[in-house]
Amino acid sequence: MKQQYDKNRVVTSGHRSMLVFNKLVAGLTNLGVSLMGSRVLSVRGRKSGQWRSTPVNLLTLDGQPYLVAPRGHVQWVRNLRANPEARLRLGRSIEVFQAVELADADKPEILRLYLKKWAWEVGAFFEGDVDKNSSLETLLAVAPGVPVFKITKA
């Protein structure tokens, strides 16, 4: 079944290996070992107010950091929209930031670089013709289903 790249897109992985990989990345990142830009993102839950954490890939383009949600509009995305002040952790270093969600038209270059860097990890969350070599039209078409946040200082 073809994915719909819209505001309802959520890709869940039933693969146990992905869960193990995420725990491994989070553990190493908490110890201060970044795997290609990995960080642990902590965001307050939009209903509970409790801190929720997940490993993410921090992308930097022209000196500007971004968070990309390759699985779509997942819980951390919804929480970040509700509470845009969050934290990124690498070892003992914690950076508090404000997140600003990008408009779809501003995403293609960021999505291309993200797929170039992490296709080996996140490529399974995209349909076959979506990759680092995708046309501008393709990247614009998938942009609504892939939230991107600009990181600014809190």
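Up top is the structure these notes are about.
Every residue gets a number counted from 1 within its own chain, in the order that chain's sequence is written. The predicted origin of the model limits local features to residues at a pLDDT of at least 70 and limits the giving and counting of side-chain atom pairs to 80 or more, whereas totals for whole chains, interfaces and linings rest on all residues. As a rule here, side-chain values come from all non-hydrogen atoms in the structure, and water together with hydrogens is ignored.

Enquirer: Account for the packing of aromatic side chains, with residues named and values stated.
Expert: Working definition: rings of Phe, Tyr and Trp (its six-membered ring) pair if their centres are within 6.5 Å, and the pair is stacked with planes under 30 degrees apart, edge-to-face with planes over 60 apart, and tilted otherwise. Scanning the entire structure with this criterion turns up 2 aromatic pairs. Their ring planes at 50° and their centres at 6.1 Å tell us that Trp 76 and Phe 149 sit as a pair that is tilted. A residue pair is termed long-range when its members are at least 10 positions apart, and Trp 76 in helix 2 (residues 75–82) and Phe 149 in strand 6 (residues 148–153) qualify at 73 residues. For the residue pair Trp 76 and Phe 149, the accessibility class agrees, reading buried in each case. Relative to Trp 118, the ring of Tyr 114 lies with its centre 5.0 Å away and its plane at 55°, an arrangement referred to as tilted. Separated by 4 residues within a single helix, Tyr 114 and Trp 118 lie in helix 3 (residues 108–122), roughly one turn from each other. The numbering of helices and of strands both runs from the N terminus, where a helix is a DSSP run of H or I of at least 4 residues and a strand a run of E of at least 2. Only protein chains enter the accessibility calculation, which uses a 1.4 Å probe; a residue whose area is less than 20% of its type maximum is buried, one above 50% is exposed, and one in between is partly exposed.

Enquirer: Help me get a handle on the environment of Trp 76, residues and values and all.
Expert: With relative accessibility at 15%, the residue Trp 76 sits in the buried group. Between the alpha carbons of Trp 76 and Thr 54 there is a distance of 7.8 Å; along the sequence they are 22 residues apart.

Enquirer: Before we move on, can you summarise the sheet that holds strand 2 (residues 51–61) with the specific residues and values?
Expert: For two strands to be treated as a pair, DSSP must find no fewer than two bridges joining them. A barrel is described by the order of its strands in space; here 6 strands give the closed sequence 1-2-3-6-5-4, paired in antiparallel fashion. Direction aside, neighbouring strands of the sheet carry axes that sit 45° apart on average. The pairing of strand 4 (residues 85–90) with strand 5 (residues 93–101) spans 6 bridges and is antiparallel. Note on strand 5: the bridge partner recorded for Glu 85 is Gln 98. Should any heavy atoms of two residues lie within 4.5 Å, those residues are considered in contact. Lines fitted to C-alpha atoms define the axes, with helix axes restricted to the stretch in contact, and inter-axis angles between N-to-C directions lie between 0 and 180 degrees. Across the sheet, helix 3 is in contact with strand 2, strand 3 (64–68) and strand 6; its angle to strand 2 comes to roughly 120°.

Enquirer: Explain the nonpolar core residue by residue, including any values.
Expert: Membership of the largest hydrophobic core comes to 21 residues, with the highest contact counts inside it found for Val 68, Ile 110, Leu 111, Val 122, Phe 126 and Val 148. Elements represented by at least two residues in this core include exactly strand 2, strand 3, helix 3 and helix 4 (136–142). If one sorts the elements of this core by residue count, helix 3 sits on top with 6 residues. Ignoring any residue separated from it by four or fewer positions in sequence, one finds Leu 111 in contact with Val 68, Leu 139, Val 142, Ala 143, Val 146 and Val 148. In this structure, Leu 67, Val 74, Leu 80 and Phe 97 belong to the second largest nonpolar core, which totals 16 residues. Only buried Ala, Val, Leu, Ile, Met, Phe, Trp, Tyr and Cys residues count toward a nonpolar core, and they belong to the same one when joined by side-chain atoms within 4.5 Å.

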